[in-house]
Amino acid sequence: MAYDDLRDFIRTLEKKKELKRISIEVDPKLEITEFADRSVKNGGPALLFENPKGSKIPVLINAFASMERMELALDVDSVEEVAGRISEYLEMRMPEGLIGKLKMLPKLAEMGAFFPKIVSKGPCQEVVKTEGFSLYDYPVLTCWPDDGGPFITLPMVFSRNPETGKRNCGMYRLQVFDERTTGMHWQTHKQGAEHYRRRLAAAGKGERARMDVAVAIGADPATMYSAILPLPPDLDEMMLAGFLRGKPVEMVKCHTIDLEVPAHAEIVLEGYVELGEMRREGPFGDHTGYYSLADDYPVFHVTCVTQRRDPIYPTTIVGPPPMEDFYMGKAIERIFLPLLRLQLPEVRDMCMPAEGIFHNLMLVSIRKSYPGHARKVMSAIWGTGQAMFSKVIVVVDDDVDVQNLSETAWRALNNIDPERDIQFTMGPIDSLDHASRLVNYGSKMGVDATRKWPGEGFTREWPEVIRMSPEVKARVDQLWKKAGL
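The present account deals with the structure reproduced in this document. Note that this is a predicted model, so its numbers are computed, not measured. (Residues numbered from 1 in each chain as written. Predicted model: local features only at pLDDT ≥ 70, side-chain atom pairs only at ≥ 80, totals over all residues. Heavy atoms only, no water.)

## As for the sheet that holds strand β13 (residues 260-262)
Note on sheets: strands pair through backbone hydrogen bonds, and any given pair is parallel or antiparallel. Taking strand neighbours across the sheet as the criterion, the 3 strands line up as β4-β12-β13 in an open arrangement whose pairing is mixed. The open sheet has two edge strands with one neighbour each: β4 (117-119) and β13. In this sheet, neighbouring strand axes are inclined to one another by 45 degrees on average, regardless of whether the strands run parallel or antiparallel. Alignment of strand β12 (residues 250-253) against β13, held across 3 bridges, turns out to be antiparallel. When the sheet's bridge partners are listed, Val252 is paired in β13 with Val261. (Pairing = 2+ DSSP bridges. Helix = DSSP H or I, 4+ residues; strand = E, 2+ residues; numbered from the N terminus. Axes fitted to C-alpha atoms, helices over the stretch in contact; angles between N-to-C directions.)

## Side note on the pairing of strand β8 (residues 167-170)
Of the two faces of β8, both are covered, the one formed by Arg167 and Cys169 as well as the one formed by Asn168 and Gly170. The antiparallel hairpin formed by strand β7 (residues 155-160) and β8 contains 6 residues in its connecting segment, where Gly165 sits at a positive phi of about 80 degrees. (Buried < 20%, exposed > 50% of the residue type's maximum accessible area, 1.4 Å probe, protein only.)

## A few points about the state of the cysteines
For the coordinates displayed, the defined rule picks out 0 disulfides. Unpaired in this structure, Cys143 has its nearest cysteine sulfur neighbour in Cys169, at a distance of 20 Å. The cysteine Cys304 is free of any disulfide, with Cys254 supplying the nearest cysteine sulfur at 8.3 Å. Owing to a relative accessible area of 0%, Cys304 belongs among the buried residues under this scheme. (Disulfide = S-S within 2.5 Å.)

## Observations concerning the packing of aromatic side chains
Applying the stated criterion to the full structure yields 9 aromatic pairs. Ring centres of Phe114 and Phe243 lie 5.2 Å apart, and the angle between their planes is 85 degrees; this geometry places the pair in the edge-to-face category. Taken together, the residues span a long stretch of sequence, with Phe114 in the loop between α5 (97-111) and β4 and Phe243 in helix α8 (residues 237-245) at a distance of 129 residues. Across the pair, exposure class does not vary: Phe114 and Phe243 are buried alike. Here a set of aromatic residues connected by ring pairs shows up, and it is made of Tyr3, Phe9, Phe64 and Tyr225. Here the guanidinium or amino end of Arg210 rests over the ring plane of Tyr272, the centre of that ring lying 3.8 Å away. Seen from the ring of Phe177, Arg279 lies directly overhead, with NZ or CZ sitting 4.0 Å from the centre. (Phe/Tyr/Trp six-rings, centres within 6.5 Å; stacked < 30°, edge-to-face > 60°. Lys NZ or Arg CZ within 6 Å of the ring centre and 35° of its normal.)

## Here's the deal with the environment of Lys368
Its location among the elements puts Lys368 in the loop between β20 (362-366) and α10 (373-382). C-alpha of Lys368 to C-alpha of Glu346: the two residues are 22 residues apart in sequence and 7.2 Å apart in space. If we skip the residues at most four places from it in the chain, Lys368 touches His373, Asp397, Thr450, Arg451, Lys452, Trp453 and Glu456. Of note is the side chain of Lys368, whose polar atom sits 2.9 Å from the side chain of Thr450. Among the polar contacts listed, one links the side chain of Lys368 to the side chain of Glu456, at a separation of 2.8 Å. (Contact = heavy atoms within 4.5 Å. Polar contact = N/O pair within 3.5 Å; in protein donor to acceptor, adjacent residues only side chain to side chain.)

## Some remarks on the pattern of salt bridges
Going through the model one piece at a time under the given rule, you end up with 39 salt bridges. Put simply, Glu14 and Arg21 hold a salt bridge, and the shortest N to O gap is 2.7 Å. The partner of Arg467 in a salt bridge is Asp399, with the nearest N and O atoms 3.7 Å apart. One end of the pair, Arg467, is in the loop between β23 (441-448) and α13 (470-482); the other, Asp399, is in the loop between β21 (392-397) and α11 (405-415), with 68 residues separating them in the sequence. Arg467 sits in the exposed class, given a relative accessible area of 55%. (Salt bridge = Lys/Arg side-chain N within 4 Å of Asp/Glu carboxyl O.)

## A word on unusual backbone geometry
Here the amide bond leading from Gly282 into Pro283 is cis, since omega sits at -5 degrees, within 30 degrees of zero. On the secondary structure map, Pro283 appears in the loop between β14 (267-281) and β15 (284-285). In the segment running from Pro321 into Pro322, the intervening peptide bond is cis, with an omega of 0 degrees. With respect to the secondary-structure elements, Pro322 resides in the loop between β18 (313-314) and α9 (324-343). A positive phi is found at Phe358, a non-glycine position, where the angle reads about 75 degrees. Here Phe358 lies in the loop between β19 (347-351) and β20.

## Structural notes on the environment of Val305
Take Val305: it is sitting in strand β17 (residues 295-307). The exposure class assigned to Val305 is buried, which follows from its relative accessible area of 1%. Placed 176 residues apart in sequence, Val305 and Lys129 show a C-alpha to C-alpha distance of 5.1 Å. If near-sequence neighbours (up to four positions away) are discounted, Val305 is found in contact with Val127, Val128, Lys129, Phe133, Tyr138, Ile267, Val268 and Leu269.

This is the structure in structure tokens:
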């Protein structure tokens with residue numbers, strides 16, 4: 001059954017011995033980061049700080065920081081189960097005959113559970129504050145020594161497409177500037193930024209100069225996780241959360257603005273962005289392992305806070321990998337492989353290693369069918385959603401296990417002639433990439449590490465990989481035991 005809320009998930013983590021309660025006082029300024037970093041890098045549990053310095057609100061961190069916890073969050077034995085469910089829906093066709101249509105009914109009924117459900121009230125509005133509140137009442141982390149200030153790092157930021165009215169939920173960090181304002185880190189390629197640009201253009205034609213924004217903090221894990229998923233524009237993240245949960249996400253209308261938020265959230269910040277108002281945000285110790293540089297971003301004005309009577313503050317940190325976000329990203333890699341294969345059926349597998357911090361390195365194995373096939377795959381990936389940020393793509397044959405980094409490096413380095421097999425192209429670059437020649441724009445590299453064909457101009461003989469025969473391996477299996485090894 002789907003989790004009702006964050007505390008339901010916490011109970012499961014504790015039952016599975018995946019959570020450690022910390023009763024001593026720990027400072028949200030740097031100290032909680034150091035606890036969380038040590039824990040994730042040593043395979044430690046999720047941490048619930050019951051006595052954060054300066055606040056009575058407990059802090060939850062590292063709740064997603066292992067594949068076991070990701071599986072608990074999605075309520076599956078393996079994230080591959082989610083990929084399998086996606087594949088089933090992608091393969092659905094209109095059935096022939098009455099019997100086929102009857103067999104389809106359960107699947108159609110299940111699809112009805114994906115859509116969010118509007119409710120009249122929810123726990124997130126047990127306490128409503130329009131006056132006398134401060135963002136400093138919450139144990140917001142200052143993560144790293146050179147950060148520009150405390151940052152809310154695990155928010156669900158809700159906005160609405162001004163042209164279609166469709167909802168977007170993204171996870172954009174919020175630097176707390178003072179008691180009632182934060183930065184709004186809408187990177188230029190994200191949907192929140194696109195909504196902002198469209199509202200800004202409309203404001204130039206005399207329309208309202210404010211954009212409503214709501215920020216929900218803490219919910220059931222699938223709903224929280226949906227905020228980071230790389231979905232196509234205008235595909236509602238709350239609908240995908242319903243798919244992951246197998247149960248609708250209950251949404252409640254905000255107290256002061258025309259947006260809905262998860263009814264079972266822990267804390268909700270309601271407010272607006274003044275169109276055209278920018279403020280310097282950052283630096284921030286980011287998932288690249290470096291500080292992202294300070295830059296100007298919109299300002300979020302908080303006009304109302306609603307919350308549970310006894311809220312829990314979930315958060316995360318990013319930094320030198322592997323961190324919690326690696327496991328969240330690894331699950332995305334597995335879950336979205338069927339969608340990539342829908343466009344590129346020749347792709348057998350993909351891997352984004354922790355050291356590549358998502359956008360710096362993608363390893364792809366393909367079933368090669370014609371000359372130049374690897375380069376076609378590279379170009380297609382660079383033209384697909386957020387995969388466009390992939391700085392380096394290495395393509396290998398389908399007999400290479402790209403989840404085995406040692407094998408992939410060995411095979412790729414043996415198979416390339418650097419001048420022949422490496423290509424460069426220009427295009428959009430992740431905003432956090434500090435090495436690109438310009439902000440948001442730079443070069444990418446593709447490596448064709450597949451076996452080369454005569455049709456690609458390769459006229460030499462290509463050798464086979466050294467492998468022992470299966471018969472000898474089977475005989476030595478028996479001899480190995482007799483030898484006492």
